[in-house]
Structure formats: structure tokens, C-alpha cells
Amino acid sequence: MQPISKSNWIEGTILEQKNWTDSLASIKIDAKVNPYISGQFTRIALEINNEIISRPYSYVSAPSDNFLEIVYVKIPNGILTPELSKLKSGDKILVNNNAYGYFIMSEVPEGDNLWMLGTGTGLGVFISLLKTNDPWKRFKKVILIHGVRKKGELTYSDQIAEFNKRYPQQFNYIKSVTREKIDGCLNARIPNAIDNGIFESITNIKISKTSQFMICGNPDMIKETINNLNNKGIEINRRSKPGNITIEKYW
Ligand code: NAP
């Protein structure tokens, strides 16, 4: 918790609160923050019992949008998210003036195809990145893979349909629901599907040392996916040693 200091905080206004499931929601905010880059996160805060309580959230919105957007999991006994979930259009919220992080396209080295692998709310940052021109200009194919527990957590389908309409030859989207059997969806964890080649056979795109990967979401999924990619000779991307796997852990 931080002492109350409003110097870094911009007061924003809630434009919309959308409930995707009982425990998954997103909010759109009007706030005049400093410029950010798609892939970065900010901090969202509320003043609760005279303290500013804040948590980091990646932007789902892109700099070209005239609103800010984040997606969040409502943590039942959490401090911030139960309060966030009560907010309605017109209510006030605090947004950090600055954005942070290096899960951005300029950190991703060149390659032929871009694989974006996300679980749960980890999809959101890819929506922001795919709203920009960079991935589409730089990569022959862009493959977005979203892994969730239940069908209702397959968020942003309208926005994804727009990407598909705009880039039909270039874009591939795979949904995987692990705790329900759903027609049209895989029923596999991401690292396993990398390991057994399911993604390659569905897309007809080979995973190779010239592929680039961006991975975001559940830290155990990230760890296991890195491990399975390492087994194929594909290495993590570091500033000191460029590679093919760029990651963002969510908790
Ligand atoms: P999740 O448990 O991360 O599951 C999302 C997908 O990831 C599911 O398909 C799940 O498969 C898969 N997965 C989980 N562990 C994996 C592993 N080791 N390897 C490969 N795949 C794996 O669900 P979530 O809804 O995104 O989040 C779950 C919990 O995380 C929430 O209860 C929330 O408290 C917490 N969370 C915290 C934050 C935060 O910022 N603190 C943010 C988001 C979520 P299975 O169904 O097979 O497990």
C-alpha cells in the first residue's frame, strides 16, 4: 500500500464496465494520461479507507483509441477488485500517469511468423498489440492462441473477428478451453499443444528457430511453454542476448 500522494495519479471517469463472467470484467476509462506504447501496463487505483490501493494492469486499448481499457479478474477476498467491480459509468478512478514495461513490439526481434500465446486475462495485451500496424507489417503470419478454463472467458471475440476480417490471409486464431468440451475449441493446455504439434497441424505453420513467440498470462504456463520451446532449440529473448521468446508474467 502506498501513502496518499496524488502526484502520479490522473483522475479518470469510467465510460463502461463490462462483465464477461461472474469473475472477469473489463473497464473503459476516459483519462488524460501520458502517451503509452501497446504492450505496456499502467497502475489502476482507488482510494480505499484513506489509502491509495493500486494494482498493475496491461492496457487492452491501443494508443489510437480514445479511451483506456483494462481487463481484470475479480478476486473474491481482494482489496481492489471487489471495489473496481462496483464502478459504473461516470464514477471516478485513478490511473497512473505513466505506462511501463517492455512487452512491446520493438523488443521482439525479426522473424517469419509471430505466435502470441495467452491465458486468461493475458489475451488483453495482445488485443492492444494487434490494434497497431507493427505485427502485421513485420510478420508473414500472426497466430493468436487463447487458453482459458471455461468458454465464457473467451473474451474480445468481436475485436478478434475484426482482425480476421482485416487480415484474413495473415491471421490465425485458436481458442482452447481446458475445463469444458466446446465445439470449435481445442481442449488442451498451451505447453502440451506446443509439444505434440497440434498448433502446427491446425494452422499448417511450422514452429522453428525463425518463429517469434510472445507469451503472457499464468506464470506456470509460461514456464512450461518456455521449457517445451527450449526442447525445440528456441530460446528466450533477452536484451543482452536476443532470442525468440518474449514474456510477460501476470502474477
Ligand atoms: P488460469 O488458472 O491461469 O487458467 C487459464 C488457462 O491456463 C487454463 O486453460 C488453464 O488450464 C491454463 N493453465 C493453468 N496452469 C497451467 C500450466 N501450468 N500450464 C499450462 N496451462 C496452464 O485461470 P485465470 O482465470 O486466468 O486465473 C486464475 C486465477 O489466477 C484467478 O483465480 C486469479 O486469482 C488469478 N489471477 C491473478 C491475477 C493477478 O494479477 N494477481 C491476474 C489474473 C488471474 P487448466 O484449466 O488445465 O488449469
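J.: Tell me about the environment of Leu-154, and please be specific about residues and values.
T.: For Leu-154, the position within the fold is in the loop between strand E8 (141–148) and helix H4 (157–166). Ignoring any residue separated from it by four or fewer positions in sequence, one finds Leu-154 in contact with His-146, Val-148, Tyr-173, Lys-175, Val-177 and Cys-185.

J.: Go over the side chain of Asn-237, please, and point to the residues and values.
T.: With respect to the element layout, Asn-237 can be found in the loop between helix H7 (219–230) and strand E11 (245–249). On the basis of relative accessible area, Asn-237 is assigned to the buried category, the value being 15%. A polar side-chain atom of Asn-237 sits 3.1 Å from the main-chain amide nitrogen of Gly-243. Setting aside anything within four residues of it in sequence, one finds Asn-237 in contact with Glu-107, Val-108, Pro-109, Pro-242, Gly-243, Asn-244, Ile-245 and Thr-246.

J.: Break down the nonpolar core for me, citing the residues and quoting the values.
T.: Grouped together as the largest cluster of nonpolar side chains are 25 residues, with contacts concentrated most on Met-116, Phe-126, Leu-130, Leu-144, Phe-171 and Met-214. Those elements that provide at least two residues to this core are strand E7 (113–119), helix H2 (123–130), E8, H4 and strand E10 (212–217). Of all the elements, H2 adds the most residues to this core, at six residues. Setting aside residues no more than four positions away along its own chain, Met-214 makes contact with Phe-103, Ile-104, Met-105, Val-108, Leu-114, Trp-115, Met-116, Leu-117, Phe-126, Leu-129 and Thr-246.

J.: How would you sum up the site of the ligand? Please name residues and give values.
T.: In the vicinity of the ligand, 18 residues are found, and the nearest of them are Arg-149, Thr-178, Arg-179, Arg-189 and Asn-218. Within the contact set of the ligand, a nitrogen atom lies 3.0 Å away from a side-chain nitrogen or oxygen of Glu-224. For the ligand, the protein covers 76% of the area, taking 880 Å² as the surface of the free molecule. At the level of secondary structure, the elements contributing two or more residues to the shell around the ligand comprise E8 and H7.

J.: I'd love a proper account of unusual backbone geometry, names of residues and values included.
T.: The residue Asn-49 is not glycine, and still its phi comes out positive at about 50°. Since its relative accessible area comes to 70%, Asn-49 is described here as exposed. In this structure, Asn-204 is a non-glycine residue whose phi angle is positive, near 60°. With respect to the helices, strands and loops of the structure, Asn-204 is situated in the loop between helix H6 (198–203) and E10.

J.: Tell me about the side chain of Gln-170, and please be specific about residues and values.
T.: Mapped onto the secondary structure, Gln-170 falls in the loop between H4 and strand E9 (171–177). In this structure the side chain of Gln-170 is engaged in a polar contact, spanning 2.7 Å, whose partner is the backbone oxygen of Trp-136. Setting aside chain neighbours within four positions, we find Gln-170 in contact with Pro-135, Trp-136, Phe-139, Lys-140, Lys-141 and Val-142.

J.: Before we move on, could you go through the pattern of salt bridges and cite the residues and values that matter?
T.: The tally for this structure, following the rule as stated, stands at seven salt bridges. Across the salt bridge formed by Lys-28 and Glu-16, the nearest N and O atoms sit 4.0 Å from each other. Of this pair, Lys-28 sits in strand E2 (residues 24–30) while Glu-16 sits in strand E1 (residues 9–21); the two residues are twelve residues apart in sequence, bridging distant segments of the chain. Of the residues examined, Lys-28 reaches a relative accessible area of 23% and is grouped as partly exposed.

The rules behind the values
- Residues numbered from 1 in each chain as written.
- Predicted model: local features only at pLDDT ≥ 70, side-chain atom pairs only at ≥ 80, totals over all residues.
- Heavy atoms only, no water.
- Helix = DSSP H or I, 4+ residues; strand = E, 2+ residues; numbered from the N terminus.
- Contact = heavy atoms within 4.5 Å.
- Buried < 20%, exposed > 50% of the residue type's maximum accessible area, 1.4 Å probe, protein only.
- Polar contact = N/O pair within 3.5 Å; in protein donor to acceptor, adjacent residues only side chain to side chain.
- Core = buried A, V, L, I, M, F, W, Y, C linked by side-chain atoms within 4.5 Å.
- Near = heavy atom within 4 Å.
- Areas by Shrake-Rupley, 256 points an atom, 1.4 Å probe, with all protein chains shown as cover.
- Salt bridge = Lys/Arg side-chain N within 4 Å of Asp/Glu carboxyl O.

What is shown is where atoms sit, not what they do.
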